[in-house]
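Listed below are the residues making up each chain.
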Amino acid sequence: GHGRLGTAAERGSARSANRAEIVSFEPATGAEVWRGKASDIDDVVARARRAWPAWAAQPLSTRMELVRRFANEVRKDADKLATIIARETGKPMWEARIEVENVVNKVEVSIRAYAERTAQRKLDNALQGTMAVRHKPHGVLAVLGPYNMPAHLPNSHIVPALIAGNVVIFKPSEKAPATGELLARCFNRAGISAAVCQIAIGGPAEGQALVAHDDVDGVLFTGSANTGITINRKLSSRPDKMVVLEMGGNNAMVVWDTPKITDAAAIIVQSAFASSGQRCTAVRRLVVKSGMYDAVMAEVKSLADRLVFGAPFDEPAPFMGPVIDNIAADGLTESFLYLLSHGGRAIKHLVRPNDSLPFLSPSIIDTTAMKDRPDVELFGPILQVIRVDDFDEAIAEANNTRFGLAASLVGGSPQEYNKFWANTRAGIVNWNRPTISPSHAAPMGGIGLSGNHRPTGYYAADYCAYPVASGEIEQPRAMIGVGLR
Ligand code: NAD
């Protein structure tokens, strides 16, 4: 017989037998979408490590060409990808299609951003030679994705990382493995090998294993603040690793004087309830000027009453789908009841028509009278409203959070907007625009508990490569001018 540890093959199968089973479900029906084993993280990282040198040695033009081919593969599979996103997240099909468009559009934007943000720079000086700045990739980067935009958000890290010459290990959310798998396949079909852009199936345990792995050079994370803090703590003794944390928000929208009540209401409702509030940039707290309150809230309520929530493929199409699962729906229901029983006044109740499915209606609750509003992200269709009398108080309310992702002023004068912009702490500060749907052409990230000052979006190129400063001259030329004996 063989030794106690068994043959290598047996050890391998024992290891795979221990791997967790990952299963995803349609939130809208409870039906199973995907089932499979979690990846062996040691194997995944070893494969990535081996693949990195050759990928980094490719000319930049080759890597750009390959990500462009990836965009084409996504275009070809657009219907399939949108369908799987809609099934796994429950978002309406029209919205899943927008997510797919964003995946495609990310490619050209990232190519432009890489060229602009990391362009080679040279300063020539006859005496000192050349001073050059060029960028190098980090190596093996782990991308940890959230469930709410399971293709677009991880892709916003993956494409810039690949362009810069990193290899990527993409761990999609355990709630959307099928979406992750199809996205990874599009990269692989484009000629970016399964070692260069590799999928790792799994949940928190596999995420932790990637974070802790010595051969992973960086972690590009999009998800909740709690997880981000855990990752940051885990890597506090590893300043050598690139850590990018895109986290949640408790975002405020301030409504001030405006004659355009209908438009204001549409901006508010879109910001609060698109994707059933499952957007990192969604408005959670509406801060309204007392004098505007009745008119604005009547319009917001009547618009929210008209929003259709339903399953992703319903005809006519719904505005929003269910939240991700029953656990999330239970938590949101509890949170709404907590606000109600601690001084909140319901303007529109949170309704769950079917206890066994996670459909939730839009809901609005005035929490002005509450003493201690919990500063947590309620990741669902709950809008809190706070009434204030003057503009300084409105800004103070907007800043009354540890988070700092997005904020918006609706109405107000140019002077008031200037003041709002200057005094509001957030990475996105808008005027008369929704807080959601940030521009690809701009940096995207927050301060406070929303991020670690490494915005993604147009600035993703900054964290995907590090600058190297080089003084260069063809022949040694130097003299010591002072202090020689
Ligand atoms: P999450 O934090 O639960 O999970 C995100 C990813 O981290 C998943 O892949 C998960 O498996 C993994 N993970 C979980 N625990 C881990 C651990 N201890 N170590 C390593 N990895 C771990 O987030 P979610 O619920 O999937 O996503 C919703 C959250 O994401 C919300 O808070 C939302 O605001 C935030 N978000 C932020 C942005 C942004 O750009 N700032 C964008 C979208 C979503």
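Residues numbered from 1 in each chain as written. Predicted model: local features only at pLDDT ≥ 70, side-chain atom pairs only at ≥ 80, totals over all residues. Heavy atoms only, no water.

1. What to know about the site of the ligand
Okay, step 1: Close contacts around the ligand come from 28 residues, with Gly145, Glu174, Thr227, Met247 and Glu377 the closest.
Okay, step 2: A distance of 2.9 Å separates an oxygen atom of the ligand from a polar atom in the side chain of lysine 171.
Okay, step 3: Glutamate 174 is positioned with one of its side-chain polar atoms (N or O) 2.7 Å from an oxygen atom of the ligand.
Okay, step 4: Broken down by secondary-structure element, the contributors of at least two residues to the shell around the ligand are helix H8 (204-212), strand S8 (218-222) and helix H9 (225-234).
Okay, step 5: No other element matches the 3 residues that H8 contributes to the shell around the ligand. (Near = heavy atom within 4 Å. Polar contact = N/O pair within 3.5 Å; in protein donor to acceptor, adjacent residues only side chain to side chain. Helix = DSSP H or I, 4+ residues; strand = E, 2+ residues; numbered from the N terminus.)

2. Digging into the sheet that holds strand S5 (residues 140-144)
Okay, step 1: Sheet architecture is open: 5 strands sit in the order S7-S6-S5-S8-S9, paired in parallel fashion. The sheet terminates laterally at strand S7 (197-199) and strand S9 (242-246), the two strands that pair on one side only. Each strand axis lies, on average, 15 degrees off the axis of its neighbour in the sheet, ignoring direction.
Okay, step 2: Looking at chain direction, S8 and S9 are connected through 5 bridges and run parallel. Paired with leucine 220 across the bridge in S9 is valine 244. (Pairing = 2+ DSSP bridges. Axes fitted to C-alpha atoms, helices over the stretch in contact; angles between N-to-C directions.)

3. Digging into empty space enclosed by the protein
Okay, step 1: The tally for this structure, following the rule as stated, stands at 3 cavities of 30 Å³ or more.
Okay, step 2: For the largest cavity, the calculated volume is near 80 Å³.
Okay, step 3: The computed volume of the second largest cavity comes to approximately 50 Å³.
Okay, step 4: Counting only elements with at least two residues in the lining of the second largest cavity, the list comes to strand S10 (251-255), strand S15 (403-404) and strand S16 (406-410).
Okay, step 5: Residue composition of the lining of the second largest cavity, by class: 7 nonpolar, 6 polar and 2 charged. (1 Å grid on protein atoms, 1.4 Å probe; cavity = no way out; pocket = protein on both sides within 12 Å on 5 of 7 lines; lining within 4 Å. Points joined across faces, edges and corners; volume = space filled by probe spheres on them. Nonpolar A, V, L, I, M, F, W, Y, C, P; charged D, E, K, R; others polar.)

4. Thoughts on the nonpolar core
Okay, step 1: Core analysis: the biggest nonpolar cluster contains 77 residues, and Phe70 and Leu162 have the highest contact counts within it.
Okay, step 2: Take this core: its biggest share by element is 8 residues, from helix H5 (residues 93-117).
Okay, step 3: Residues contacting phenylalanine 70, with those up to four places away along its chain left out, are Val103, Val107, Asn155, Val159, Leu183, Cys186, Phe187 and Ala190.
Okay, step 4: Ranked by size, the runner-up nonpolar core spans 26 residues in total, among them Phe273, Val283, Val296 and Ile364. (Core = buried A, V, L, I, M, F, W, Y, C linked by side-chain atoms within 4.5 Å. Buried < 20%, exposed > 50% of the residue type's maximum accessible area, 1.4 Å probe, protein only. Contact = heavy atoms within 4.5 Å.)

5. Digging into the side chain of asparagine 166
Okay, step 1: Examined against the element boundaries, asparagine 166 turns out to sit in the loop between helix H6 (152-163) and strand S6 (167-171).
Okay, step 2: Exposure remark for asparagine 166: the relative accessible area of 0% places this residue in the buried category.
Okay, step 3: A distance of 2.7 Å separates a polar atom in the side chain of asparagine 166 from the backbone nitrogen of histidine 138.
Okay, step 4: A polar contact of 3.1 Å, which involves the side chain of asparagine 166, links it to the backbone nitrogen of glycine 139.
Okay, step 5: Residues in contact with asparagine 166, not counting those within four places in the same chain, are Trp52, Trp55, Pro137, His138, Gly139, Leu141, Ala161 and Cys464.

6. What about the packing of helix H4 (residues 78-89) against H5?
Okay, step 1: Here H4 crosses H5 at 125 degrees, and the two axes come no closer than 8 Å. Overall, the two elements H4 and H5 adopt an arrangement that is oblique. Handedness of the H4/H5 crossing: right-handed. Across from Ala78, Asp79, Leu81, Ala82, Thr83, Ile85 and Ala86 in H4, the residues of H5 making contact are Met93, Ala96, Arg97, Glu99 and Val100.
Okay, step 2: Among the residues forming the contact of H4 with H5, the class breakdown is 8 nonpolar, 1 polar and 3 charged. (Parallel < 35°, antiparallel > 145°, perpendicular 65-115°, else oblique. Left-handed = near helix turned anticlockwise from the far one by under 90°.)

7. Topic: the sheet that holds strand S3 (residues 121-125)
Okay, step 1: The strand order across the open sheet formed by 3 strands is S3-S4-S21, and the pairing between neighbours is antiparallel. If you trace the sheet from one side to the other, it starts and ends with S3 and strand S21 (465-472), each paired once. Direction aside, neighbouring strands of the sheet carry axes that sit 20 degrees apart on average.

8. Observations concerning the packing of H5 against H6
Okay, step 1: Running from N to C, H5 and H6 point in directions that differ by 30 degrees, and their axes come no closer than 9 Å. Here H6 runs roughly parallel to H5, going by the angle between their axes. The chirality of how H5 crosses H6 is right-handed. On H6, the residues that touch Glu99, Asn102, Val103, Lys106, Val107, Ser110, Ile111 and Tyr114 of H5 are His152, Asn155, Ser156, Val159, Pro160 and Ile163.

9. Overview of the pattern of salt bridges
Okay, step 1: Going through the model one piece at a time under the given rule, you end up with 27 salt bridges.
Okay, step 2: The salt bridge involving arginine 238 is made with aspartate 240; its shortest N-O contact spans 2.7 Å.
Okay, step 3: Assessed through its relative accessible area of 24%, arginine 238 is described here as partly exposed.
Okay, step 4: Aspartate 240 sits in the exposed class, given a relative accessible area of 54%.
Okay, step 5: The closest approach of N and O atoms between arginine 352 and aspartate 330, which form a salt bridge, is 2.6 Å. With arginine 352 in the loop between strand S12 (345-348) and strand S13 (363-366) and aspartate 330 in helix H12 (residues 326-341), this residue pair connects regions lying 22 residues apart in the sequence. (Salt bridge = Lys/Arg side-chain N within 4 Å of Asp/Glu carboxyl O.)

10. Considerations on the packing of aromatic side chains
Each aromatic ring pair is characterised by the separation of its centres together with the angle its planes make.
Okay, step 1: Applying the stated criterion across every chain yields a total of 4 aromatic pairs.
Okay, step 2: Aromatic pair tryptophan 256 and phenylalanine 391: ring centres 5.1 Å apart, planes at 65 degrees, arrangement edge-to-face. Of this pair, tryptophan 256 sits in the loop between S10 and helix H10 (261-273) while phenylalanine 391 sits in helix H13 (residues 391-398); the two residues are 135 residues apart in sequence, bridging distant segments of the chain.
Okay, step 3: Measuring from ring centre to ring centre gives 4.8 Å for tyrosine 417 and tryptophan 431, while their planes differ by 5 degrees; the resulting arrangement is stacked. One end of the pair, tyrosine 417, is in helix H14 (residues 414-423); the other, tryptophan 431, is in strand S17 (residues 428-431), with 14 residues separating them in the sequence.
Okay, step 4: We note arginine 117 situated over the ring of tyrosine 459; from NZ or CZ to the ring centre the distance is 3.5 Å.
Okay, step 5: When the ring centre of tyrosine 293 is taken as origin, the NZ or CZ atom of arginine 387, which lies over that ring, is 4.2 Å away. (Phe/Tyr/Trp six-rings, centres within 6.5 Å; stacked < 30°, edge-to-face > 60°. Lys NZ or Arg CZ within 6 Å of the ring centre and 35° of its normal.)

Geometric descriptors of this kind do not, in isolation, establish any biological role.
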